[in-house]
There are 2 protein chains.
Amino acid sequence: MNNQDNIMKSPDKQQNISPAVIRRLPRYYRYLCELIARGQTKISSSELAKLMKVTASQIRQDLNCFGGFGMQGYGYNVNYLFAKISDILGVSAGFNAVIIGAGDLGRALVHLSMFEKRGVNIVALFDTDGEAAGKDCAGVPVYPIDELENFCAENRVDIGVIACDKKHVKAIAQRCVDLGFKGLWNYMGVELPYSDDEIVVENIHLGDSLMILNCRICRNDTEDKDSEEESDQN
Amino acid sequence: MNNQDNIMKSPDKQQNISPAVIRRLPRYYRYLCELIARGQTKISSSELAKLMKVTASQIRQDLNCFGGFGMQGYGYNVNYLFAKISDILGVSAGFNAVIIGAGDLGRALVHLSMFEKRGVNIVALFDTDGEAAGKDCAGVPVYPIDELENFCAENRVDIGVIACDKKHVKAIAQRCVDLGFKGLWNYMGVELPYSDDEIVVENIHLGDSLMILNCRICRNDTEDKDSEEESDQN
C-alpha cells in the first residue's frame, strides 16, 4: 500500500473528470465488488478489461483520471481501487434522503438494500395522497406531504427521491429546491428544468429502458427473419 | 399526411440504425407525448431542438435514419412522428411479460402504468420465496416459481422481468433462455452473459444511478467551496 501511495497523484481536484468517465465508474464499482466477494486481491488492467469487455487502454485511461491507482507490473490492488472509487462516487458521503410518494414504488424503494450499500440513509417517506401517512414502512416513518417543511427544519435532508404521482412532480421538486436539497433522484419521467447550481437532478427513465428492450427484440426478430430468408434462398 | 407519405423512404430495413440513435429515441417519444398532450400538431426541428436542448442538426440526423419524417418548410407532423417512433420502439409489438420476483419491487412494477403505455402486457408474477404465491397483485395472478415452465407451455411469454433475490438471478435467467423468451429486463444488477442471439438483455442499474447522483452532489459541493474560497481571496 505504501508503494502505491508513493505513486498516487493527488485526487483532491477532480474538476477535470469528464461526465462520461463518471458514468462509467459505477460499473467498475460493481465488478470490483464481485472480485472482493471472490477474495481476489489484485488484478491487471488486461484481466479487468477481459472481465468487463472493454479495452485495457480504456481502463488505464479511466483510472488515470484520478491520479492512477495501478503499479507497473503489479496491477491494481482490488481493495484499494474499490475504496478509492467508492470515495469518488460519494459512497462515504453519508447523505440523508427522503422518498416523496409512499405508494407501491416509494415503499418498494425503501426495501431495497441499495441505499444502505451506497451510503444513503432514508430518513422518511412522505405521502402525497393522504392514505399511507402514519404507517411505518420497514421502520421508516411515513408523514403527510404537508409536513415536509417542518421535518426539514428539524432534520438534515440532502436528497429527495421523487416517486409520487406525475401531476405533483414539478411542485414537489420546487419545494425541494426551496428547502435547499442538494439532489433529486427522479423516477417519474417528468423533465425537471434545474441547472446543477440549483439542484443536481438524476433521472431514472424506466419506460425508456422498457422501450429500448422492445425495440431491440423487434430488430432481433427482423434480423432472424432476414437471415432465415437468406438461407432459404441459398 | 399524403405529402409526407410521398417523401417517406421505406423504414422496413432498420439494420443500419446505430444503437446510439436507438437509445435517444425514447426521449423523442417523451417530448412528443408532451406536445400531443398540449395539442400541438406540428413542430420545426429548431423548435424541437430548443425544447430538448440538443442541436437541430442532431434531430434531423437522428430522424433521417428512419427515412425522414419531416417536410421542408413545414416541420414535423407531431402525431405522425409520434406514431412512427412508437412503432420503431415496438410499442405496438404487443409483447407479453412475466415478472419474476413478487416481493416489493415486483409488486411495485405491476402497479406502474408504464407497461400498458409501452404496449407490454403483464400476464403473471412468479414468486421465488414461497410467500406471495396465490395472492393476486392488481389483478395479475402470482404463481410459485416452480410453475414457470407449465405456465409458459400454455401461454406465450416474450419478456421476463427479473426482480427476484440476487442469488436466484443467474438460474432464473437461464430458465427464461431455455423457455425461448425473447428478452430479459433485469433490475437486479447481476451481469448476465448472453449475446443478443440467445436473448436480449436490458439492465436497469438503480444503484449506479444513485452513485452518480451522490458523486455529482459531492463534486458540486467541492466546486461551490472552491468558488467561495476564490471569492474570499478576491
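What you see is a predicted model; the values in this text were computed from it and never measured.

Asks: How do you make sense of the side chain of Asn-186 of chain A when you look at a structure like this?
Replies: All names here are of chain A. Counting through the fold element by element, Asn-186 comes out in strand S7 (residues 183–186). Within the structure, the side chain of Asn-186 is placed 3.0 Å from the side chain of Asn-203, a separation counted as a polar contact. Apart from the residues lying within four places of it in its own chain, the contact partners of Asn-186 are Ile-162, Val-169, Leu-192, Val-201, Glu-202, Asn-203 and Ile-204.

Asks: Help me out: how do you make sense of the interface of chain A and chain B in this one?
Replies: Interfaces are often sized by the accessible area lost when the parts come together. Taken together, the 61 residues of chain A in the interface contact 61 residues of chain B. Three residues, Met-211, Arg-216 and Arg-219 of chain A, lead the burial of chain A against chain B; their summed loss comes to 11% of the area buried on that side. Run the count over chain A and chain B and you get 8 salt bridges. The closest approach of N and O atoms between Asp-196 of chain A and Arg-216 of chain B, which form a salt bridge, is 2.9 Å. Linking chain A with chain B are 22 residue pairs in polar contact (both at pLDDT 80 or more). Among the secondary structure elements, those contributing two or more residues to the side of chain A that touches chain B are helix H2 (19–38), helix H6 (104–111), helix H7 (114–117), S7, strand S8 (200–203) and helix H10 (206–233) of chain A. Looking at the side of chain A that touches chain B, the element that brings in the most residues is H10 of chain A, giving 18 residues.

Asks: Please explain the relation of the copies chain A and chain B as it appears in this structure.
Replies: Two copies of the chain are present, and they differ by a rotation about an axis and a shift along that axis. If you rotate chain A by 180 degrees and push it 0.0 Å along the axis, it lands on chain B with an RMSD of 0.0 Å. Given the turn and translation reported, the copies of this chain are related as if by a two-fold rotation axis. Within chain A, Ala-108 of chain A has its C-alpha nearest the rotation axis, a separation of 3.1 Å. Take the interface residues of chain A: 100% of them recur as interface residues in chain B, which is what a same-surface contact looks like.

Asks: What exactly am I supposed to notice about helix H3 (residues 45–52) of chain B here?
Replies: In an α-helix, one turn spans 3.6 residues, which is why side chains three or four residues apart end up on the same side. Residue and element names in this part refer to chain B. Where H3 is concerned, the buried positions are Ser-45, Leu-48, Ala-49 and Met-52. Here the buried residues of H3 occupy an arc of 105 degrees about the axis, which is enough to place them on one side. Considering only its buried residues, H3 is in contact with helix H2 (19–38), strand S1 (42–43), helix H4 (56–64) and strand S2 (76–77). Phi turns positive, to about 55 degrees, at Lys-53, one or two residues after H3.

Asks: Whenever I open this one, the nonpolar core confuses me. Can you help?
Replies: Proteins that are soluble and globular tend to have nonpolar side chains buried together. Of all hydrophobic cores here, the largest spans 103 residues; its most connected members are Trp-185 and Tyr-187 of chain A together with Trp-185 and Tyr-187 of chain B. Among all residues touching Tyr-187 of chain B, those that are not within four sequence positions of it are Leu-206 of chain A together with Leu-105, Leu-109, Met-114, Val-161, Ile-162 and Ile-204 of chain B.

What counts as what
- Residues numbered from 1 in each chain as written.
- Chains lettered and ligands numbered in written order.
- Predicted model: local features only at pLDDT ≥ 70, side-chain atom pairs only at ≥ 80, totals over all residues.
- Heavy atoms only, no water.
- Helix = DSSP H or I, 4+ residues; strand = E, 2+ residues; numbered from the N terminus.
- Polar contact = N/O pair within 3.5 Å; in protein donor to acceptor, adjacent residues only side chain to side chain.
- Contact = heavy atoms within 4.5 Å.
- Buried area = accessible area lost by both parts, 1.4 Å probe.
- Salt bridge = Lys/Arg side-chain N within 4 Å of Asp/Glu carboxyl O.
- Least-squares fit on C-alpha atoms with pLDDT ≥ 70 in both.
- Buried < 20%, exposed > 50% of the residue type's maximum accessible area, 1.4 Å probe, protein only.
- Arc of directions from axis to C-beta.
- Core = buried A, V, L, I, M, F, W, Y, C linked by side-chain atoms within 4.5 Å.

What is shown is where atoms sit, not what they do.
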